[in-house]
Protein chains: 4
Amino acid sequence: MLYGLTRAGLGDIGSDEQFLKKAAHYGFEAVDIDALGLIKRHGIENAQELLRQNQMVIGSIGLPVEWRQSDAVFRDGLTGLTEAAEAAAALGCTACCTYILPSTDQKASHFMALATKRMRIAARILDAYGIRLGLEFVGPHHLRTGWANPFIWTMEETLDWIDAIGEPNVGLLFDAYHWHTNGSTVEDIYKLRADQIVHVHINDAPDVPVEDVLDNARLYPGEGVIDLPGFLHALHHIGYAGVVAQEILTQMAPSDSSETLLNRSSKGFDKVFQAAAIRRTKRGDGE
Amino acid sequence: MLYGLTRAGLGDIGSDEQFLKKAAHYGFEAVDIDALGLIKRHGIENAQELLRQNQMVIGSIGLPVEWRQSDAVFRDGLTGLTEAAEAAAALGCTACCTYILPSTDQKASHFMALATKRMRIAARILDAYGIRLGLEFVGPHHLRTGWANPFIWTMEETLDWIDAIGEPNVGLLFDAYHWHTNGSTVEDIYKLRADQIVHVHINDAPDVPVEDVLDNARLYPGEGVIDLPGFLHALHHIGYAGVVAQEILTQMAPSDSSETLLNRSSKGFDKVFQAAAIRRTKRGDGE
Amino acid sequence: MLYGLTRAGLGDIGSDEQFLKKAAHYGFEAVDIDALGLIKRHGIENAQELLRQNQMVIGSIGLPVEWRQSDAVFRDGLTGLTEAAEAAAALGCTACCTYILPSTDQKASHFMALATKRMRIAARILDAYGIRLGLEFVGPHHLRTGWANPFIWTMEETLDWIDAIGEPNVGLLFDAYHWHTNGSTVEDIYKLRADQIVHVHINDAPDVPVEDVLDNARLYPGEGVIDLPGFLHALHHIGYAGVVAQEILTQMAPSDSSETLLNRSSKGFDKVFQAAAIRRTKRGDGE
Amino acid sequence: MLYGLTRAGLGDIGSDEQFLKKAAHYGFEAVDIDALGLIKRHGIENAQELLRQNQMVIGSIGLPVEWRQSDAVFRDGLTGLTEAAEAAAALGCTACCTYILPSTDQKASHFMALATKRMRIAARILDAYGIRLGLEFVGPHHLRTGWANPFIWTMEETLDWIDAIGEPNVGLLFDAYHWHTNGSTVEDIYKLRADQIVHVHINDAPDVPVEDVLDNARLYPGEGVIDLPGFLHALHHIGYAGVVAQEILTQMAPSDSSETLLNRSSKGFDKVFQAAAIRRTKRGDGE
């Protein structure tokens, strides 16, 4: 598995160049970053060179098409999707992810039908570029009632939805926070196959009842109560060898410097990976 | 279009042989009948001969697989589905239909994902036999709250679901009763393409507010308030040339003789087709 | 059915504006035109206005993505495809077509697998814009051996390929010339359903043995030996009510003026449609 | 990975009961066997008990539906497919495999389209039972010209076909003999993902030029020139942890006793797995 970062939780880390350089300096091997933006700002060759210099891979791009509103809005995003996919492919990125809000103001059954159709189109386009689509279930209880009608929030429901979409390149974005807020167990991970997982996020949760965990009250890995060693060990055991990216959503932006936050993140990763008894290997070492 | 019958509304019409013979006698050209049962009871050649003698086609068979419960129950029905499809194909039937209850005790979004996957499998199997799958939306208001969670009941929602299923051989079973109870209009039919319709049912409704129409309080065509001439004229206009089958669901079995009921049905068909200004042609006349 | 034109066979007919105006003047109701180019040159509102002024619809756009070479080349065309589809949809066009060369220098079986995958992607993208994909089989015998390995060239093979692609919005571009060079009959058309046809081309062939008909030796409708009345009558009978567009491919550009050629085309259409006993109706008259 | 056996190469090994017992005795953990036949002969509970007693799993069943002839023949096999899938699922088997002849008397491109459609149906049915479909490319050169037209025989072509089929549960049956006769390398295996492999066969080849290797001149593992240690090591490296089943096709039935042949097979497996530096673990040990 590869140590990965998103910008969430790192404060004002600065330009792409600084983000990549600092990530590498603190021992990270992957970043979730906007590939198209990177190319637009730097040109394709410089973007590739930036990644190469820092021995950095892109863990995932975000799905740039709006699939939660109307068919017309979805359609308007498709040109942007092909462009984003082309950029990601040019930079060697093979994952594109989006999250599923656990409730909706739309009629839930109808929205599920509409979203299924849209996801099939998005998946098919991404597949043309060799990119997989990762769907992230979102567990915090307050979001389940945040909109009028319950949608889906469990791993099982999401796997069933992936079956309904029916495209070979769709899988989970599996986030430790949502695993925790679902009250799921290590045994639930053992039931997965590695190829069902497109991308992984980690972060930690405060010691409050699961029902009270807020989506934007996340802690750094190793600083909370989530069984991250169990989580990582199980993922490793089933053969997952991809990126594990930190994503720390908080109400207030952290006030520490990016260096301090990166150092904290790096120590957190070392702590939970060591506790998971995963010998860390560099990419390509044949993990 | 072909005049069609189901057994619903005809009283105790007796054996297959009698049903087919009487249907033909009263001017009907199609019946919705269990093709596999017909073959089991008569043998394949006699079943074909029975249809030929009465110049009768089969409008549709019912989908014999249970798709509303668990994956395991669904799967258990698949062998029965291939057998039923084989029987239908042997008797020249090209439609297989099921209805969609407008509410469910399952979580609506999750059930929609599960049902989508199951319908894709059923559609693919039927396609191997040259058979289309018709989905019937069910409009009566009391059924929308008959179970805990709203599912889907409109034509538009059903067309969106058909898109989500994504198989070329899936379309609507379009029932005049559900069109009426949805408060739909002739203009809504004009927006359809003929190939989106797999099968059609007609029947009539009492003169009560649309919200109070009960699913099992159906009247014979021409005896109620549904604009069946408008319904049929619009279907004809968009190019629908298939079977239109009567389905009269009532709380109490009708007490009249089958002959009386057939006569009443036949007169009802003539009335509404004439009012629709549809010149009736025999199958194959190039309607 | 609507009288339609492509630019092929009309000489130097000039700008979009002139093409649309002259087409209308000579009684045509549809043109096959590059929707995206039209919008780029005129702006979207002027493009819509140009069509409205001339009471003209767009019959079909050409598929702008190269699907016959490598996966990489195909992929490079996808952004152009979304843009073209968006433009077509904005101008009310619902068909996008491509032709299938009947032989290939690639290994035929492998190319069929690759092309199937690519067509599924293209179809899915077009579907997001409400556009159907028409595949044109190409019959002339000299092209069947024009490249090393035979591919497909019959209606039946093409329908089987459409089944393999498996998307609901894929059908035939049905060209009278290829119907003729396949030695097909009116009965073959009767076996089709209208919804299997996305678009129709007509033109005529010289009185030479079918094996010797060259792809670029086409005549104007009514000037050759193709049974166009039978072709059109059968299409009308099965319910096809879309565009029938002239496409005259010739070795030498015609030397007559566009006006002369349009007049000749118009007379040809009237001749073969009258012989087909098709009462011509204006769009929307409820044909 | 699990040591597996087919009956091919074991002489007259006798009844199911004897096959399972002897396989277990010689250290094998999986057999490729007809699950439906096993249940028909023993009843479902006894069949399950036979497997349990011998700590044996079923590696794969054969695809029981004929997909190489007409649509009608294919369709006639679908009821048998649901029955076979149900039986396999009841015995815990999750793979169903078929082989692809590298040439065909049918027109290759058209046959590819037909076969794609049929495989999509078969895959969808198997998926309902939680079973994956493995497609085996067949490499021996003499079979590439055994029928009139070349079809497909390489790993790459087969992966492209799997993409065209487009169902998530389709992958390779990867046979060391066909890898060898394609002149493929260990590097080719490194390009695969484990989830692209449904099942693996091993056997060995005589020391003759690759072009002259006959399909039915197979040797026992470790007795020929195929780089089986490299083959197995690469599979292990990419994370394949499923069954590796011996399949020895020969012109003459072997004259040795089954015990002798099993002993020889067992020694061959130990030799090549040890040379591959794969520490053998029992199923469930967390390999």
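Parameters and conventions
Residues numbered from 1 in each chain as written. Chains lettered and ligands numbered in written order. Predicted model: local features only at pLDDT ≥ 70, side-chain atom pairs only at ≥ 80, totals over all residues. Heavy atoms only, no water. Helix = DSSP H or I, 4+ residues; strand = E, 2+ residues; numbered from the N terminus. Rg over C-alpha atoms; globule rule 2.2 N^0.38 Å. Buried < 20%, exposed > 50% of the residue type's maximum accessible area, 1.4 Å probe, protein only. Contact = heavy atoms within 4.5 Å. Areas by Shrake-Rupley, 256 points an atom, 1.4 Å probe, with all protein chains shown as cover. Salt bridge = Lys/Arg side-chain N within 4 Å of Asp/Glu carboxyl O. Least-squares fit on C-alpha atoms with pLDDT ≥ 70 in both. Core = buried A, V, L, I, M, F, W, Y, C linked by side-chain atoms within 4.5 Å. Polar contact = N/O pair within 3.5 Å; in protein donor to acceptor, adjacent residues only side chain to side chain. 1 Å grid on protein atoms, 1.4 Å probe; cavity = no way out; pocket = protein on both sides within 12 Å on 5 of 7 lines; lining within 4 Å. Points joined across faces, edges and corners; volume = space filled by probe spheres on them. Nonpolar A, V, L, I, M, F, W, Y, C, P; charged D, E, K, R; others polar. Pairing = 2+ DSSP bridges. Axes fitted to C-alpha atoms, helices over the stretch in contact; angles between N-to-C directions. Left-handed = near helix turned anticlockwise from the far one by under 90°. Buried area = accessible area lost by both parts, 1.4 Å probe. UniProt positions renumbered as here; feature names shortened; annotations may be inferred. Phe/Tyr/Trp six-rings, centres within 6.5 Å; stacked < 30°, edge-to-face > 60°. Patch = residues over 30% accessible without salt bridge, like charges linked within 9 Å, V, L, I, M, F, W, Y side chains within 5 Å. Lys, Arg positive; Asp, Glu negative; His and termini not counted. Charge placed at Lys NZ, Arg CZ, Asp CG, Glu CD. pLDDT = per-residue confidence, 0-100.

If you check an unreviewed UniProt entry, chain A appears there as Xylose isomerase from Paenibacillus darwinianus.

S.K.: Help me understand the overall build of chain A, please; the structure alone is not making it clear to me.
M.R.: The helix and strand inventory of chain A stands at 12 helices and 11 strands. Against the compact-globule benchmark of 19 Å for 287 residues, chain A has a radius of gyration of 18 Å, which places it among compact chains. The principal-axis extents of the C-alpha atoms in chain A amount to approximately 50 × 45 × 40 Å. Looking at chain A as a whole, 57% of its 287 residues qualify as buried. Long-range pairs, those at least 24 residues apart, make up 82% of the contacts in chain A between residues at least 6 apart in sequence. When the accessible area of chain A is evaluated, it comes to approximately 10900 Å², of which 49% is carbon and sulfur surface.

S.K.: It is not clear to me how the pattern of salt bridges should be interpreted in this structure. Could you clarify?
M.R.: Opposite charge on two side chains makes pairing possible when the charged atoms of those side chains draw close. All names here are of chain C. Within this structure, the stated rule accounts for 72 salt bridges over all chains. The salt bridge involving E49 is made with R52; its shortest N-O contact spans 2.8 Å. Of this pair, E49 and R52 are both found in helix α3 (residues 44–53), three residues apart, which corresponds to roughly one turn of the helix. Overall, the relative accessible area of 31% leaves E49 in the partly exposed class. Here R52 falls in the exposed class, since its relative accessible area comes to 54%.

S.K.: Sorry, what's going on with the relation of the copies chain A and chain B here?
M.R.: Superposing the two chain copies requires a rotation about an axis and a translation along that axis. Take chain A, turn it by 180 degrees, move it 0.0 Å along the axis, and it overlays chain B with an RMSD of 0.0 Å. Overall, the copies show the geometry of a two-fold rotation axis. Residue S109 of chain A of chain A places its C-alpha closer to the rotation axis than any other residue of that unit, at 2.3 Å. In this assembly the copies share their binding face: 100% of the residues contributing to the interface of chain A also contribute to that of chain B.

S.K.: Help me out: how do you make sense of the relation of the copies chain B and chain D in this one?
M.R.: When chain B is fitted onto chain D, the two copies agree to an RMSD of 0.0 Å after a turn of 180 degrees and an axial shift of 0.0 Å. Mapped onto chain D, 100% of the interface residues of chain B again fall at the interface, so both copies present the same surface.

S.K.: I would appreciate a short explanation of the nonpolar core in the present structure.
M.R.: Judged by nonpolar contacts, the single largest core of 355 residues is most densely connected at W161 of chain A, W161 of chain B, W161 of chain C together with W161 of chain D. Residues in contact with W161 of chain C, not counting those within four places in the same chain, are W67, I100, M112, A115, T116, M119, L135 and I152 of chain C together with A113 of chain D.

S.K.: Looking at this structure, I do not really get the interface of chain A and chain B. What am I missing?
M.R.: It is common to give the size of an interface as the accessible area that goes away when the parts come together. Listed by partner, the interface residues are 21 residues for chain A and 21 residues for chain B. Seen at the junction of chain A and chain B, the total is 10 residue pairs in polar contact (both at pLDDT 80 or more). When residues of the side of chain A that touches chain B are traced back to their parent elements, those giving at least two are α6 (108–128) and α8 (155–165) of chain A. It is α6 of chain A that contributes the most residues to the side of chain A that touches chain B, nine residues altogether.

S.K.: How should empty space enclosed by the protein be read in this particular structure?
M.R.: In this approach a probe as big as a water molecule rolls over the atoms, and the regions it shows empty are the leftover space. Per the counting criterion, the structure on display carries one cavity of 30 Å³ or more. There is about 80 Å³ of room inside the largest cavity. In this structure, the largest cavity is lined by K117 and R120 of chain A, D163 and G166 of chain B together with R124, D127, E167 and P168 of chain C. Of all the secondary structure elements, the ones that give two or more residues to the lining of the largest cavity are α6 of chain A together with α6 (108–128) of chain C. Here the residues of the lining of the largest cavity are counted per class, giving one nonpolar, one polar and six charged.

S.K.: Help me understand the sheet that holds strand β7 (residues 132–137) of chain C in this model?
M.R.: Strand pairing in a sheet is mediated by backbone hydrogen bonds. Such pairs are either parallel or antiparallel. All names here are of chain C. Taken together, the nine strands give an open sheet; going across it, the order is β3-β2-β1-β11-β10-β9-β7-β5-β4, and neighbouring strands pair in parallel fashion. A single partner strand is all that each edge strand has here, and the edge strands are β3 (57–58) and β4 (61–62). Looking at chain direction, strand β2 (residues 30–31) and β3 are connected through two bridges and run parallel. Looking at β3, one finds that A30 is bridged to V57.

S.K.: Could you clarify how one ought to interpret the sheet that holds strand β1 (residues 2–5) of chain D in this entry?
M.R.: All names here are of chain D. Here we have nine strands laid out as an open sheet, ordered β3-β2-β1-β11-β10-β9-β7-β5-β4, and parallel in their pairing. Two strands in the sheet have a free side with no partner beyond their single neighbour: β3 (57–58) and β4 (61–62). Taken together, the four bridges between β1 and strand β11 (residues 243–246) define a ladder with parallel strand orientation. Its bridge partner lying in β11, G4 is registered against A245.

S.K.: Where do I start with the packing of helix α5 (residues 78–90) of chain C against α6 of chain C in this structure?
M.R.: Helix packing for two helices is described by the angle between their axes and how far apart those axes are. Residues and elements named next belong to chain C. Relative orientation of the contacting elements α5 and α6 amounts to 30 degrees, with a least axis distance of 9 Å. Crossing angle aside, the handedness with which α5 passes α6 is right-handed. On the side of α5, the interface is formed by L78, L81, T82 and A85, while α6 contributes I121, A122, I125 and L126.

S.K.: Whenever I open this one, the interface of chain B and chain D confuses me. Can you help?
M.R.: Counting from both sides, the interface comprises 14 residues of chain B and, opposite them, 14 residues of chain D. The contact between chain B and chain D buries some 1500 Å² in all, and 56% of this surface belongs to carbon and sulfur atoms. Among the residues chain B hides against chain D, the three largest losses belong to R75, T79 and R124 of chain B. Together they make up 38% of the total. Scanning the region where chain B abuts chain D turns up two salt bridges. Note that E167 of chain D is salt-bridged to R124 of chain B, the shortest N-O span being 3.3 Å.

S.K.: So what exactly am I meant to see when it comes to the UniProt feature "domain: Xylose isomerase-like TIM barrel" (unreviewed entry) in chain A here?
M.R.: Here the UniProt-annotated "domain: Xylose isomerase-like TIM barrel" (unreviewed entry) positions come out as residues 20–248 of chain A. For residues 20–248 of chain A, helix accounts for 44% and strand for 17%, while the C-alpha atoms at its two ends are 18 Å apart.

S.K.: What's the story with the packing of aromatic side chains in this structure? I'm lost.
M.R.: For any pair of aromatic rings, geometry is given as the distance between the ring centres together with the angle between the planes. Residues and elements named next belong to chain B. Considering all chains together, one arrives at 48 aromatic pairs over all chains under this definition. Residues Y3 and F28 carry aromatic rings whose centres are separated by 5.9 Å and whose planes lie at 55 degrees to one another, so their mutual orientation is tilted. With Y3 in strand β1 (residues 2–5) and F28 in the loop between α1 (16–25) and β2 (30–31), this pair connects stretches of sequence that are 25 residues apart. Residue Y3 is classed as buried on the basis of its relative accessible area of 2%.

S.K.: In this structure, what is going on with a negative patch on the surface? I would like to understand it.
M.R.: Residues D76, E83 and E86 of chain B together with D76, E83 and E86 of chain D make up a contiguous surface patch of negative charge. Counting only elements with at least two residues in the negative patch, the list comes to α5 (78–90) of chain B together with α5 (78–90) of chain D. Among the structural elements, E86 of chain D can be located in helix α5.

S.K.: Can you walk me through the pairing of strand β5 (residues 95–100) of chain A in this structure?
M.R.: Successive side chains on a regular strand alternate, one facing one side of the sheet and the next facing the other. All names here are of chain A. Most of β5 is tucked away: five of the six residues are buried. Here two bridges tie strand β4 (residues 61–62) to β5, and the two strands are oriented parallel to one another. Bridging across to β5, G62 finds its partner in C97. Note that β5 and strand β7 (residues 132–137) share six bridges and pair parallel. Among the inter-strand pairings, Y99 is bridged to a residue of β7, identified as E136.

S.K.: Help me understand the side chain of T116 of chain A in this model?
M.R.: For T116 of chain A, the position within the fold is in helix α6. For T116 of chain A, the contacting residues outside a window of four places in its chain are W161, A164 and I165 of chain A together with T116 and A164 of chain B.

S.K.: Explain helix α2 (residues 35–42) of chain A here, please?
M.R.: Counting along an α-helix, one turn takes 3.6 residues, and residues three or four places apart therefore face a common direction. Residues and elements named next belong to chain A. Every buried residue of α2 is accounted for by A35, L36, G37, L38 and I39. Contacts made by the buried residues of α2 are with α1 (16–25), α3 (44–53), β3 (57–58), β4 and α5 (78–90). Its side-chain oxygen 3.2 Å from the backbone nitrogen of L36, D34 forms the N-cap of α2. Where α2 terminates, the next one or two residues include G43, which has phi positive at roughly 85 degrees.

S.K.: Help me out: how do you make sense of the confidence of the model for chain A in this one?
M.R.: The predicted coordinates of low-pLDDT regions are not to be read in fine detail. Looking at chain A as a whole, the pLDDT averages 95, with 98% of positions reaching at least 70. Scored as a whole, the predicted complex attains pTM 0.94, and scored at its interfaces, ipTM 0.94.

S.K.: What is the right way to read unusual backbone geometry from this model?
M.R.: Among all residues save glycine, negative phi is the norm, and among peptide bonds the norm is trans. Residues and elements named next belong to chain A. Even without being a glycine, Q55 presents a positive backbone phi close to 45 degrees. Relative to the helices and strands, Q55 is located in the loop between α3 and β3. Taking relative accessible area as the criterion, Q55 reaches 70% and is therefore assigned exposed.

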